[in-house]
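Structure at a glance
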Amino acid sequence: MNKQQNKLENPKRLEELNPKVTLERIGFKENYVLCDIGAGSGVFTIPAAKMTENVVYALEANPEMLKIIEGKANDEMITNINYIYVDSDHFNIKAKSVDVVLLVTVLHEIEGISSFMKEVERLLNDYGKIAVIEFHKRETPMGPPISHRISKEEVLAALHDIDFESQDDFELGDNFYCITFTRKSK
């Protein structure tokens, strides 16, 4: 296991994120398509792929992480993951083809959040949902420096430019929060 994988798969972190339960809580269902942007070592990608027969997109800027996910999928004979190396803010995925876009500790790393979120919006079907999981913007047992984190208010502001509204907001242990968004009702 490399250093980044060790960090992403820290037992306390996995316990708080509780991927399968969190996927269920955000409304991910067995026939859905999920796009895990910044998939890391597959903490959410692998459980999602086990929950659906549809495709799960694993998007990652680090090719080494994609190889780790692929290795795990091969070990478990999972065949419904599409591995996509990301080197821009345009994703090679058909418009309106995704049910859930998942952003786990990714948004605080994005420069140009507005254009990034417009691309996220492009991917989602009419009933699509965005789930953002981030570190609380306060002192917590783990996570990046507070100055590098993004608050709930900043996440809400980032989604202000696209036609989505907050649907649910909940805590994941001491370190994380999750906010889900759906398209605004017309």
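Preceding this paragraph is the structure being described.
Residues numbered from 1 in each chain as written. Predicted model: local features only at pLDDT ≥ 70, side-chain atom pairs only at ≥ 80, totals over all residues. Heavy atoms only, no water.

Things to note about helix H6 (residues 113-123)
Taken together, the buried positions of H6 are occupied by Ile113, Phe116, Met117, Glu119, Val120 and Leu123. Looking straight down H6, one finds that the buried residues subtend no more than 155° of arc, so they occupy a single side. Against strand S1 (34-37), strand S4 (98-104), strand S5 (124-135) and helix H7 (152-158) lie the buried residues of H6. (Buried < 20%, exposed > 50% of the residue type's maximum accessible area, 1.4 Å probe, protein only. Helix = DSSP H or I, 4+ residues; strand = E, 2+ residues; numbered from the N terminus. Arc of directions from axis to C-beta. Contact = heavy atoms within 4.5 Å.)

Some remarks on the pairing of strand S3 (residues 81-85)
Pairing geometry for strand S2 (residues 56-60) and S3, over five bridges, is parallel. Along S3, the bridge assignment pairs Val56 with Ile81. Taken together, S2, helix H5 (residues 63-75) and S3 constitute a β-α-β crossover, and its handedness is right-handed. (Pairing = 2+ DSSP bridges. Right-handed = clockwise from strand over helix to strand, strands pointing away.)

Some details on the packing of aromatic side chains
Going through the model one piece at a time under the given rule, you end up with three aromatic pairs. Centre to centre, the rings of Phe28 and Tyr32 are 6.2 Å apart; their planes meet at 75°, and the pair counts as edge-to-face. Judged by centre distance (6.0 Å) and plane angle (85°), the rings of Phe91 and Phe116 are edge-to-face. You can see Phe91 sitting in the loop between S3 and S4 and its partner Phe116 sitting in helix H6, a full 25 residues away along the chain. Lying over the aromatic face of Phe170, Arg25 brings its terminal NZ or CZ to 3.8 Å of the ring centre. (Phe/Tyr/Trp six-rings, centres within 6.5 Å; stacked < 30°, edge-to-face > 60°. Lys NZ or Arg CZ within 6 Å of the ring centre and 35° of its normal.)

What to know about the layout of surface pockets
Considering only enclosed or pocket space, the largest pocket measures out at about 770 Å³ in volume. Residue assignment for the lining of the largest pocket shows that the elements contributing at least two residues are helix H1 (3-8), helix H2 (11-17), S1 and S2. It is H1 that contributes the most residues to the lining of the largest pocket, three residues altogether. Here the lining of the largest pocket is built from residues that sort into 17 nonpolar, eleven polar and six charged. (1 Å grid on protein atoms, 1.4 Å probe; cavity = no way out; pocket = protein on both sides within 12 Å on 5 of 7 lines; lining within 4 Å. Points joined across faces, edges and corners; volume = space filled by probe spheres on them. Nonpolar A, V, L, I, M, F, W, Y, C, P; charged D, E, K, R; others polar.)

Description of the environment of Lys118
By the element assignment, Lys118 lies in helix H6. Its relative accessible area of 42% is what places Lys118 among the partly exposed residues. Measuring from C-alpha to C-alpha, the distance between Lys118 and Asp163 comes to 9.4 Å, with 45 residues separating the pair along the chain. What Lys118 contacts, discounting residues up to four positions off in sequence, is Asp161 and Ile162.

Here's the deal with the nonpolar core
Of all hydrophobic cores here, the largest spans 31 residues; its most connected members are Leu103, Met117 and Ile130. When contributions to this core are tallied by element, the ones reaching two or more residues are S1, S2, S4, H6, S5, H7 and strand S7 (176-183). Ranked by residues supplied to this core, first place goes to H6 with five residues. Filtering out sequence-adjacent residues up to four positions away, Ile130 remains in contact with Val101, Leu103, Met117, Val120, Leu124, Leu159, Ile162, Phe164, Ile179, Thr180 and Phe181. Core analysis: the next-biggest nonpolar cluster, separate from the first, contains 30 residues, Ile26, Val56, Ala131 and Phe170 among them. (Core = buried A, V, L, I, M, F, W, Y, C linked by side-chain atoms within 4.5 Å.)

Comments concerning the side chain of Thr52
As for its placement among the helices and strands, Thr52 is situated in the loop between helix H4 (45-51) and S2. Note on Thr52: relative accessible area 5%, which makes it buried. Polar side-chain contacts of Thr52 include one of 2.5 Å to the backbone oxygen of Glu30. Sequence-distant contacts of Thr52, defined by excluding residues within four places in its chain, comprise Phe28, Lys29, Glu30, Asn31, Tyr32 and Asn80. (Polar contact = N/O pair within 3.5 Å; in protein donor to acceptor, adjacent residues only side chain to side chain.)

A look at the pattern of salt bridges
Counting across every chain of the model gives eleven salt bridges. Here Arg122 and Glu119 are joined by a salt bridge, their closest N and O atoms 2.8 Å apart. With Arg122 and Glu119 both in helix H6 and three residues apart, the pair spans about one turn of that helix. Relative accessible area serves as the criterion here: at 24%, Arg122 is assigned to the partly exposed category. Given the relative accessible area of 7%, Glu119 is considered buried. In this structure, a network of salt bridges that share partners links the residues Lys152, Asp169 and Glu171. (Salt bridge = Lys/Arg side-chain N within 4 Å of Asp/Glu carboxyl O.)

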